[in-house]
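Okay, here's what each chain looks like letter by letter:
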Amino acid sequence: MAELAFAQKPEHLFITCVDSRVVPSIITASGPGDLFINRNVGNLVPRHGSRVPDDSVAATVEYATEVLGIRTITVCGHSNCGAMAALLAGGAEVEHLPGLARWLRHGNHSLARFLAAEPADGPPLARLCQANVAQQLDNLLTYPWLRNRVEAGRLELVGLYLDLETANVRILDRPAGTFVPVPGETPDDDPHDAGALA
């Protein structure tokens, strides 16, 4: 920690949910100073020019890329996400929480993506949680300066999904639109693999 006391040099921005069961350092086997972390309800990334303005995530991404020189951004979702459950239920259960209800509007594109997808195996909530990860990566690309970095090969976007029941972490194969075992890990049968997300 003495080496980190006056400067930080993380190599990775990790955007994940505030859910207390999600522990980034365990998921990534990282230590102090390795990750620059943004946690929010539902691991959401408000789209550029959103009608419900919120710069908190964009500010984190800007600082991470422009000041810290981070070259990898990961969005990590998880199973049994309360934010996604609220979206799936139409938001009625959070109407008495106005701040949360406004924030969850940033998840509407994820819900639309889920509803437009071909029916697949797996519980609807698990499929929405996974579709949400893919959508947040797309939301990052709505920022022109960030898209330019990605297209120039200066920034990589990664999607992860943590199954809380099995502690399995899967990585998003973006071209295929599915979550697959992390390279180097032994594949197993995941009963909550929700299949295609596109």
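Rules used in this analysis
- Residues numbered from 1 in each chain as written.
- Predicted model: local features only at pLDDT ≥ 70, side-chain atom pairs only at ≥ 80, totals over all residues.
- Heavy atoms only, no water.
- Helix = DSSP H or I, 4+ residues; strand = E, 2+ residues; numbered from the N terminus.
- Rg over C-alpha atoms; globule rule 2.2 N^0.38 Å.
- Buried < 20%, exposed > 50% of the residue type's maximum accessible area, 1.4 Å probe, protein only.
- Contact = heavy atoms within 4.5 Å.
- Areas by Shrake-Rupley, 256 points an atom, 1.4 Å probe, with all protein chains shown as cover.
- Salt bridge = Lys/Arg side-chain N within 4 Å of Asp/Glu carboxyl O.

Caption draft 1: Broad picture of the overall build of the chain. Scanning the chain from terminus to terminus reveals seven helices and six strands. Whereas a compact globule of 198 residues would reach a radius of gyration of roughly 16 Å, the chain reaches 16 Å, a difference of no more than 12%. Out of the 198 residues belonging to the chain, those deemed buried represent 44%. Put simply, 64% of the contacts in the chain that link residues at least 6 apart link residues at least 24 apart. Only carbon and sulfur atoms are counted for the fraction: they give 54% of the accessible area of the chain, which is about 10200 Å².

Caption draft 2: Representation of the environment of Glu165 within the structure. One can find Glu165 in the loop between strand 4 (156-163) and strand 5 (168-173). Linking Glu165 and Ser79, residues 86 residues apart in sequence, is a C-alpha distance of 8.1 Å.

Caption draft 3: A look at the pattern of salt bridges. All told, the structure shown has five salt bridges when counted by the stated rule. With a shortest N-O distance of 3.1 Å, Asp138 and Arg174 are connected by a salt bridge. With Asp138 in helix 6 (residues 124-140) and Arg174 in the loop between strand 5 and strand 6 (178-181), this pair connects stretches of sequence that are 36 residues apart. Looking at Arg174, the relative accessible area reads 34%, which means it is partly exposed. One network of salt bridges, in which partners are shared, links Arg113, Asp138 and Arg174.

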